[in-house]
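# Topology and contacts: notes
The lines below spell out each chain.
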Amino acid sequence: MALRKSITEPEFNSLIKTPDNEEEIIKIYSLSENDNKFIKTSFRGQTNHIRVAVLLSYMRFPGIVISNIFIPDEEVLNLLCYQLRVDKENWKGYDDLIE
(Lines give C-alpha, C1' and ligand atoms only; values in the text may rest on other atoms or scores of the structure.)
Protein backbone atom coordinates (compact mmCIF):
# COMPACT_ATOMS: atom_id res chain seq x y z
CA MET A 1 0.00 0.00 0.00
CA ALA A 2 1.41 3.37 -1.02
CA LEU A 3 1.73 6.04 1.61
CA ARG A 4 0.72 9.60 0.88
CA LYS A 5 3.41 12.18 1.14
CA SER A 6 2.60 15.04 3.48
CA ILE A 7 3.07 18.49 2.11
CA THR A 8 5.81 20.64 3.53
CA GLU A 9 5.15 23.84 5.43
CA PRO A 10 6.25 26.06 2.50
CA GLU A 11 3.91 24.13 0.19
CA PHE A 12 1.04 24.56 2.64
CA ASN A 13 1.76 28.28 3.03
CA SER A 14 1.75 28.73 -0.74
CA LEU A 15 -1.73 27.13 -0.89
CA ILE A 16 -3.27 29.50 1.65
CA LYS A 17 -1.41 32.63 0.55
CA THR A 18 -3.50 35.68 -0.33
CA PRO A 19 -3.14 36.64 -4.01
CA ASP A 20 -0.72 39.45 -4.80
CA ASN A 21 -2.71 41.47 -7.31
CA GLU A 22 -5.75 43.59 -6.58
CA GLU A 23 -7.90 42.10 -9.36
CA GLU A 24 -7.58 38.60 -7.89
CA ILE A 25 -8.37 39.85 -4.39
CA ILE A 26 -11.52 41.58 -5.64
CA LYS A 27 -12.54 38.51 -7.65
CA ILE A 28 -12.04 36.08 -4.77
CA TYR A 29 -13.01 38.09 -1.69
CA SER A 30 -15.94 40.23 -2.89
CA LEU A 31 -19.17 39.69 -1.00
CA SER A 32 -22.32 38.87 -2.91
CA GLU A 33 -25.54 40.77 -2.35
CA ASN A 34 -26.83 37.77 -0.39
CA ASP A 35 -23.70 37.71 1.77
CA ASN A 36 -24.08 41.39 2.54
CA LYS A 37 -27.76 40.99 3.38
CA PHE A 38 -27.07 37.95 5.59
CA ILE A 39 -24.35 39.78 7.51
CA LYS A 40 -26.36 42.97 8.00
CA THR A 41 -29.59 41.24 9.07
CA SER A 42 -28.17 38.40 11.18
CA PHE A 43 -25.54 40.18 13.25
CA ARG A 44 -25.59 43.39 15.26
CA GLY A 45 -22.79 45.91 15.34
CA GLN A 46 -20.06 46.80 12.90
CA THR A 47 -17.50 44.71 14.77
CA ASN A 48 -19.58 41.59 14.21
CA HIS A 49 -20.29 42.54 10.59
CA ILE A 50 -16.62 42.74 9.68
CA ARG A 51 -15.72 39.64 11.70
CA VAL A 52 -18.34 37.50 9.94
CA ALA A 53 -17.34 38.89 6.53
CA VAL A 54 -13.69 37.94 7.15
CA LEU A 55 -14.74 34.50 8.37
CA LEU A 56 -16.89 33.88 5.27
CA SER A 57 -14.19 35.11 2.94
CA TYR A 58 -11.42 32.97 4.37
CA MET A 59 -13.63 29.87 4.57
CA ARG A 60 -14.33 30.16 0.83
CA PHE A 61 -10.76 30.85 -0.18
CA PRO A 62 -8.33 29.48 0.75
CA GLY A 63 -10.64 27.23 2.76
CA ILE A 64 -9.40 27.83 6.28
CA VAL A 65 -11.25 28.50 9.51
CA ILE A 66 -9.75 31.42 11.34
CA SER A 67 -9.06 31.68 15.05
CA ASN A 68 -9.79 34.60 17.34
CA ILE A 69 -6.18 35.79 17.06
CA PHE A 70 -6.14 35.74 13.26
CA ILE A 71 -5.13 38.94 11.48
CA PRO A 72 -6.48 39.16 7.93
CA ASP A 73 -4.53 40.48 4.98
CA GLU A 74 -4.70 44.28 4.92
CA GLU A 75 -6.05 44.47 1.35
CA VAL A 76 -8.75 41.89 2.06
CA LEU A 77 -9.80 43.74 5.20
CA ASN A 78 -9.94 47.05 3.30
CA LEU A 79 -12.09 45.49 0.57
CA LEU A 80 -14.55 43.93 3.03
CA CYS A 81 -14.82 47.11 5.08
CA TYR A 82 -15.48 49.10 1.91
CA GLN A 83 -18.23 46.68 0.83
CA LEU A 84 -19.89 46.72 4.24
CA ARG A 85 -19.36 50.46 4.71
CA VAL A 86 -17.67 49.74 8.02
CA ASP A 87 -14.68 51.49 9.56
CA LYS A 88 -11.60 49.26 9.55
CA GLU A 89 -10.95 50.16 13.19
CA ASN A 90 -13.91 47.93 14.11
CA TRP A 91 -11.75 44.88 13.45
CA LYS A 92 -9.54 45.89 16.36
CA GLY A 93 -12.61 46.19 18.60
CA TYR A 94 -13.14 42.45 18.41
CA ASP A 95 -10.14 41.79 20.64
CA ASP A 96 -11.82 43.73 23.44
CA LEU A 97 -14.83 41.38 23.34
CA ILE A 98 -12.67 38.32 23.93
CA GLU A 99 -11.08 39.56 27.14
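Preceding this paragraph is the structure being described.
Given the structure is predicted, the values throughout are model-derived calculations rather than measurements. (Residues numbered from 1 in each chain as written. Predicted model: local features only at pLDDT ≥ 70, side-chain atom pairs only at ≥ 80, totals over all residues. Heavy atoms only, no water.)

## Describing the overall build of the protein
A tally of helices and strands in the protein yields six helices and zero strands. Order of helices (α) and strands (β) in the protein, N terminus to C terminus: α-α-α-α-α-α. The C-alpha extent of the protein, read off along each of the three principal axes, is 50 × 35 × 25 Å. Evaluated residue by residue, the protein yields a buried proportion of 30% over its 99 residues. Carbon and sulfur atoms make up 53% of the accessible area of the protein, which totals about 7300 Å². Here the protein holds 12 positive side-chain charges and 16 negative ones, and the gap between their average locations is 7 Å. (Helix = DSSP H or I, 4+ residues; strand = E, 2+ residues; numbered from the N terminus. Buried < 20%, exposed > 50% of the residue type's maximum accessible area, 1.4 Å probe, protein only. Areas by Shrake-Rupley, 256 points an atom, 1.4 Å probe, with all protein chains shown as cover. Lys, Arg positive; Asp, Glu negative; His and termini not counted. Charge placed at Lys NZ, Arg CZ, Asp CG, Glu CD.)

## A look at the packing of helix α2 (residues 22-29) against helix α5 (residues 74-84)
Each packed pair of helices is defined by two parameters, the angle between the axes and the distance between the axes. Contact geometry for α2 and α5: axes closest at 10 Å, N-to-C directions at 55°. One way to sum up the angle between α2 and α5 is to call them oblique. The two elements α2 and α5 meet at a crossing, and its hand is right-handed. Contacts between α2 and α5 involve Glu22, Ile25, Ile26 and Tyr29 from the first element and Glu75, Val76, Leu79, Leu80 and Gln83 from the second. Split by residue class, the contact of α2 with α5 holds six nonpolar, one polar and two charged. (Axes fitted to C-alpha atoms, helices over the stretch in contact; angles between N-to-C directions. Parallel < 35°, antiparallel > 145°, perpendicular 65-115°, else oblique. Left-handed = near helix turned anticlockwise from the far one by under 90°. Contact = heavy atoms within 4.5 Å. Nonpolar A, V, L, I, M, F, W, Y, C, P; charged D, E, K, R; others polar.)

## Concerning the pattern of salt bridges
Counted according to the given criterion, the structure contains three salt bridges. For Asp35, the salt bridge goes to Arg60, with nearest N and O atoms at 2.7 Å. Placement of the pair is Asp35 in helix α3 (residues 33-42) and Arg60 in helix α4 (residues 46-60), with a sequence separation of 25 residues. Classification of Arg60 as partly exposed rests on a relative accessible area of 46%. With a closest N to O distance of 2.2 Å, Glu74 and Lys88 form a salt bridge. Linking Glu74 in helix α5 with Lys88 in the loop between α5 and α6 (89-98), this pair joins segments that are 14 residues apart in sequence. Look at Glu74 and you get partly exposed, because its relative accessible area is 44%. Residue Lys88 is classed as partly exposed on the basis of its relative accessible area of 27%. (Salt bridge = Lys/Arg side-chain N within 4 Å of Asp/Glu carboxyl O.)

## A word on α4
Residues spaced three or four apart along an α-helix face the same direction, because each turn holds 3.6 residues. If you check α4, its first and last C-alpha atoms are 21 Å apart, about what 15 residues at 1.5 Å a residue would give, namely 21 Å. Along α4, the residues that are buried comprise Thr47, His49, Ile50, Arg51, Val52, Ala53, Val54, Ser57 and Tyr58. (Expected span 1.5 Å × (residues − 1).)

## A few points about the environment of Thr8
Tracing the chain through its elements places Thr8 in the segment before α1 (9-16). As for Thr8 and Leu84, which are separated by 76 residues in sequence, their C-alpha atoms are 37 Å apart.

## Here we look at the nonpolar core
With 19 residues, the main nonpolar core has Ile50, Val54, Tyr58, Leu80 and Leu84 as its most contacted residues. Contributing elements (two or more residues each) for this core: α2, α4 and α5. If you tally residues by element for this core, the top one is α5, at six residues. In contact with Leu84, not counting residues within four places along its chain, are Leu31, Asn36, Ile39, Lys40, His49, Ile50 and Ala53. (Core = buried A, V, L, I, M, F, W, Y, C linked by side-chain atoms within 4.5 Å.)

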